[in-house]
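# Chain and residue survey
What follows is the residue order along each chain.
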Amino acid sequence: MARDTNPPVRKAEDDLREIPKWARRYAQNRTLPVVAFLVISAVGSCVFGGLSLLTVWAYVEDKRVLSAVSMLVLCGFAAWWVWFSFIGAGRIIRSITERLYQGDGGVSVGAWAGIGESKGPPLLVTFVFLFCVLASIGLGLLGLYPITLMQPVSALYVVPFLCYLGLKMRRVGSPFMFLWPGLYGIHAILDVAGVPVRFWGDFHALDIFAPMVGYGLIATLAAHIYGRVALRRLRALAASPESLQGAAGQSNGRA
Amino acid sequence: MKRSADSVQEADGRVREIPKWARRYAQNRTLPVVAMLVIGAAAFCVFGGLGLLTGWAYVEDKRVLAAASMLVLCGFTVWWVWFCFIGFVRIIRSITERLYQGEGGAVVGACAGIEDSRGLVLAALVLIFFVPATLGLFFLGLCPIRLMQPVSALCVVPFLCYLGLKMRPVGSPFIFLWPGLYAIHAVLLVTGVPIGMGPMLDMLVPTFGYGLVATLAGHIYGRVALRRLRTLTASPELSDGE
């Protein structure tokens, strides 16, 4: 079929063709579930860290009742965390997502995902990552590398893993997620180069925790903002008179 | 004529006995649990051994050995995670199939009634709370370490009893030997009977040892049930009765 030379009709056709593109962009950038997951993980880690510190402090200060109570609360929280990880997370994250996107309705990226492709990383990659996490912590605790280099050492496996994850999920995930390994890698380079990017004194666990959660939040929030832009564009396209005319014209032609 | 009626009655009784012994046999096919316990005990020993080796090498300033054993420990941990979440079912199924190769399959599904798993999840979470809480109380010096096994019995015994009751339709009744022996061990330790072997072995031996005793007792009873079942199905009265 020859392309229509009438400018308003051509614009309407272009607008119609743009709709699936922006719909896909919007669907790929619905990252609020990842934000919710990161926030819950960060809060969980803070509770774990705070309760552990409180228990140790109370033990050192010989406050036996307080140390026992905080240790029992820590164990209770650990049991809850196990429940959350294996049972509750799916349900809680799904309910948060539904509430957050209540006004936007549902969207699926299934049409763009490869049929039969797995949604997550292959098991081998996950297990290699797990091995690297344990090994780097163990080597650090044995004093085989300075504990101040924990973040740059972790970047050696975190950055490839996150890049791999991004590539693996590129059809359904947001391209903004590549900001995460990118910023994490830059942080590691700056740290090695001696730039003062550590602000938490002797709390070396924060050297890994803050960049991991912080850059993750930056990446997912950037994607979320882009998703909002995509949604606005999509609504404008769907509501534009040219597009409505084009749609009407196409349906008339088909009829 | 009377003799013939008696033999028919006897054959009827034998036919009625077959499902009972078949169920008993199926309930006492406990070798998968034995395999699970052996794998668990072996893994516990490997974890402990590698942990001790790493600690010893670190204290003795043998850095290469410390690093190597720590890396092996990490590798083993990853394998253990794989085993617990993925490999477990496959490996135990393959072991079971090999062990019961000559006997074929047995299902107790008809009398099973353990669909509601919420109670089990809650019980498991209570156990997950109790194990680190007990360890924490010992590490904080709030409880003498020689009482580790008796204190753990306060949670382990009710948990194993609950598990046994919950799985009663499909599990072996001999499994109740496990919490029973565990509790007796705890009582003996508290009353000062010299059966203590040190904090680690005080936990390891009752947990895995009494588990093995219970499951092997179940297995032996399963053999008896199988023999009885074979006798019943092969008896001439039964053939006549049928």
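Let's shift gears to the overall build of chain A. For chain A, the count of helices and strands is eight helices and zero strands. Here chain A holds 255 residues, and 20% of them are scored as buried. When contacts within chain A are restricted to residue pairs at least 6 apart in sequence, those whose partners lie at least 24 apart make up 79%.

Here the focus is the overall build of chain B. Each helix and strand counted, chain B has eight helices and zero strands in total. Reading chain B from its N terminus to its C terminus gives the helix and strand order α-α-α-α-α-α-α-α. The burial tally for chain B puts 19% of its 242 residues in the buried class. Contacts in chain B between residues at least 24 apart in sequence constitute 80% of all its contacts with a sequence separation of at least 6.

In this section: the interface of chain B and chain A. Contacts between the two partners involve 22 residues from chain B and, on the opposite side, 22 residues from chain A. Looking at the side of chain B that touches chain A, the elements with two or more residues in it are α3 (63-99) and α4 (118-139) of chain B. For the side of chain B that touches chain A, the element with the most residues is α3 of chain B, which contributes eleven residues. Tallied by class, the residues present in the side of chain B that touches chain A amount to 18 nonpolar, three polar and one charged.

Attention shifts here to the packing of helix α2 (residues 32-60) of chain A against helix α3 (residues 64-100) of chain A. Residues and elements named next belong to chain A. Close contact between α2 and α3 brings their axes to 10 Å; oriented N to C, the two are set at 180°. Regarding the angle of α2 to α3, the classification is roughly antiparallel. Taken together, the residues that form the contact of α2 with α3 break down as 19 nonpolar, six polar and no charged.

All names here are of chain A. Counting 15 residues, the largest nonpolar core has Phe176, Met177, Leu179, Trp180, Tyr184, Tyr215 and Ala219 as the members making the most contacts within it. Breaking this core down by element, the ones donating at least two residues are α5 (150-168), α6 (179-192) and α7 (205-239). For this core, the leading source of residues is α7, giving five residues. Excluding residues that lie within four positions of it along the chain, Leu179 makes contacts with Ile218, Ala219 and Ala222.

Below, the discussion takes up the environment of Leu120 of chain B. Residue and element names in this part refer to chain B. Mapped onto the secondary structure, Leu120 falls in helix α4. Owing to 14 C-beta atoms within 10 Å, Leu120 belongs among the partly exposed residues under this scheme. The spatial distance from the C-alpha of Leu120 to the C-alpha of Tyr25 is 25 Å, given a sequence separation of 95 residues.

A separate point is α6 of chain A. Residue and element names in this part refer to chain A. Helix length check: α6 (14 residues) gives 20 Å between terminal C-alpha atoms against 20 Å at 1.5 Å per residue, within 8%. Among all positions of α6, only Leu179, Trp180, Pro181, Tyr184, Gly185, His187, Ala188 and Asp191 are buried. Buried residues along α6 sit against α5 and α7. Just beyond α6, the residue with positive phi is Gly194, at close to 90°.

Residues and elements named next belong to chain B. Mapped onto the elements of the fold, Gly180 is located in helix α6 (residues 177-190). Residue Gly180 is classed as partly exposed on the basis of its C-beta count, with 16 C-beta atoms lying within 10 Å. Placed 54 residues apart in sequence, Gly180 and Ala234 show a C-alpha to C-alpha distance of 37 Å.

Let's shift gears to the packing of α6 of chain A against α7 of chain A. All names here are of chain A. Put simply, α6 and α7 touch, their axes get as near as 8 Å, and they point 140° apart. Note on packing geometry: the crossing formed by α6 with α7 is right-handed. From α6, Leu179, Trp180, Leu183, Tyr184 and His187 reach across to α7, where they touch Pro211, Tyr215, Gly216, Ile218, Ala219 and Ala222. Classifying every residue of the contact of α6 with α7 gives nine nonpolar, two polar and no charged.

Notably, Asp62 of chain A is not glycine yet its phi reads approximately 60°, a positive angle. Its place among the elements puts Asp62 of chain A in the loop between α2 and α3. A residue is classified by how many C-beta atoms lie within 10 Å of it, and Asp62 of chain A, with 8 of them, is exposed. Positioned with a positive phi, Asp61 of chain B is a non-glycine residue whose angle comes to about 60°.

Per-residue confidence for chain A averages 84 on the pLDDT scale, and 85% of its residues sit at or above 70. When pLDDT is averaged over each element of chain A, α6 of chain A comes out on top at 95 and helix α8 (residues 241-254) of chain A at the bottom at 56.

Moving on: α6 of chain B. Residues and elements named next belong to chain B. Between the first and last C-alpha of α6 there are 20 Å, a value that for 14 residues agrees with the 20 Å anticipated at 1.5 Å per step. Listing the buried residues of α6 in full gives Leu177, Trp178, Pro179, Tyr182, Ala183, His185, Ala186 and Leu189. The elements touched by buried residues of α6 are α5 (148-166) and α7 (199-234). Within two residues after α6, Gly192 carries a phi angle of roughly 95°, on the positive side.

What counts, and where the lines are drawn
Residues numbered from 1 in each chain as written. Chains lettered and ligands numbered in written order. Predicted model: local features only at pLDDT ≥ 70, side-chain atom pairs only at ≥ 80, totals over all residues. Helix = DSSP H or I, 4+ residues; strand = E, 2+ residues; numbered from the N terminus. Buried ≥ 20, exposed ≤ 12 C-beta atoms within 10 Å, placed from the backbone. Contact = placed C-beta atoms within 7 Å. Nonpolar A, V, L, I, M, F, W, Y, C, P; charged D, E, K, R; others polar. Axes fitted to C-alpha atoms, helices over the stretch in contact; angles between N-to-C directions. Parallel < 35°, antiparallel > 145°, perpendicular 65-115°, else oblique. Core = buried A, V, L, I, M, F, W, Y, C linked by C-beta atoms within 7 Å. Expected span 1.5 Å × (residues − 1). Left-handed = near helix turned anticlockwise from the far one by under 90°. pLDDT = per-residue confidence, 0-100.

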